[in-house]
Amino acid sequence: MTDADLAAHLAQVAGRILQEVRGSGLFSARALGKAGDQTANQFLCDALREVRPDDGLLSEEEKDNEARLAKSRVWIVDPVDGTREYGEARADWAVHVGLAIDGQPAIGAVALPDHYGGTVLRSDQPRAVPPAPETLRMVVSRTRPAKEAVAVAEKLGAELVPMGSAGAKAMAVILGQADIYLHSGGQYEWDSMAPVAVAAAHGLHCSRIDGAPLLYNQRDVYLPDLLICRKDMAGRILELVAEGGKEAGGRIPAPRTP
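A brief look at the structure comes next. What you are looking at is a predicted structure, and each value in this text was computed from that prediction instead of being measured. Starting afresh in each chain, residues are numbered from 1 along the sequence in its written order. Note on the predicted model: pLDDT of at least 70 is required for a residue's local features to be given, and 80 or more for side-chain atom pairs to be given and counted; whole-chain, interface and lining totals, by contrast, use all residues. Hydrogens and waters are ignored; side-chain quantities use all the structure's heavy atoms.

**Details of helix H1 (residues 3-23)**
Only runs of H or I of at least four residues qualify as helices and only runs of E of at least two qualify as strands under DSSP, and these elements are numbered from the N terminus. What a helix is expected to span follows from its residue count: subtract one and scale by 1.5 Å. With 21 residues, H1 should cover 30 Å at 1.5 Å per step; its first-to-last C-alpha distance of 30 Å lies within 8% of that length. Partly exposed describes any residue whose relative accessible area lies between the buried limit of under 20% and the exposed limit of over 50%, with all areas from a 1.4 Å probe on protein chains only and scaled to the type maximum. Listing the buried residues of H1 in full gives Asp3, Ala4, Leu6, Ala7, Ala8, Leu10, Ala11, Val13, Ala14, Gly15, Leu18 and Val21. The contact rule is simple, with two residues in contact once any of their heavy atoms fall within 4.5 Å. Along its buried surface, H1 packs onto helix H2 (29-51), strand S2 (73-81), helix H3 (83-87), strand S3 (94-101), strand S4 (104-112) and strand S5 (119-122).

**Structural notes on unusual backbone geometry**
Despite not being glycine, Ala89 shows a phi value in the positive range, around 60°. With a phi close to 55°, Asp102 is a non-glycine residue in the positive phi region. Among the secondary structure elements, Asp102 is positioned in the loop between S3 and S4.

**Here's the deal with the side chain of Asp92**
Its place among the elements puts Asp92 in the loop between H3 and S3. Taking the relative accessible area as the measure of exposure, Asp92 reaches 8% and is therefore buried. Residues adjacent in sequence count toward polar contacts only when both atoms are side-chain atoms; beyond that, a polar contact is any pair of N or O atoms within 3.5 Å, and within protein one must be able to donate a hydrogen and the other to accept it. A distance of 2.7 Å separates a polar side-chain atom of Asp92 from the backbone nitrogen of Gly164. In contact with Asp92, not counting residues within four places along its chain, are Glu85, Arg142, Met163, Gly164, Ser165 and Ala168.

The structure is reproduced here in structure tokens:
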């Protein structure tokens, strides 16, 4: 099984397991998130250690083992991205399985188990991204939209589309449900690695909000911001983010060349 096939298979099976856990009816909404996280994490990590024993592994639900830092190949997984949405039986949650090679997001699969009967988007099977509408759409957090995103959306005249998990937001751009995903509210490597690998393979711009590249398998796994959008929009969005940072006292660096 190729790495891409493995990532997609694991993400899809983990999604099915999570649906079974939820469908058991044994857990309250609050307890369901923890049960789902633990069950899916055990499956994903045990499977990866079995079939890719020489690779490193980083998971949101496991204690970090810094032995991964010496590895060229490191699997980065988020068993349930959007735990709240999963517990509420919404569709905007995801399973992330990605492989970083020398810090680069090389391979990724993002499963959306409750999206049209189950959708898995893969870095090795890019599809055509639908054309942008006249009024742009920006996906933002359901509960805490980032100030930078709201400000940029206002300047672009873009519509805000509240959505749950980071993976669901990134895949919404590929699926034509949105055009921009701008986030500055704090994330970790497992939140974006697989989605970025998939989005980049579909020809989208992926970077930090100052235009810097997104690097993975770092000692500090905090990766607070990102921009995923169509390439022809990236320059203008990065300029608007930088302008907003200057107005706020220079908190956001000037944009780097994408």
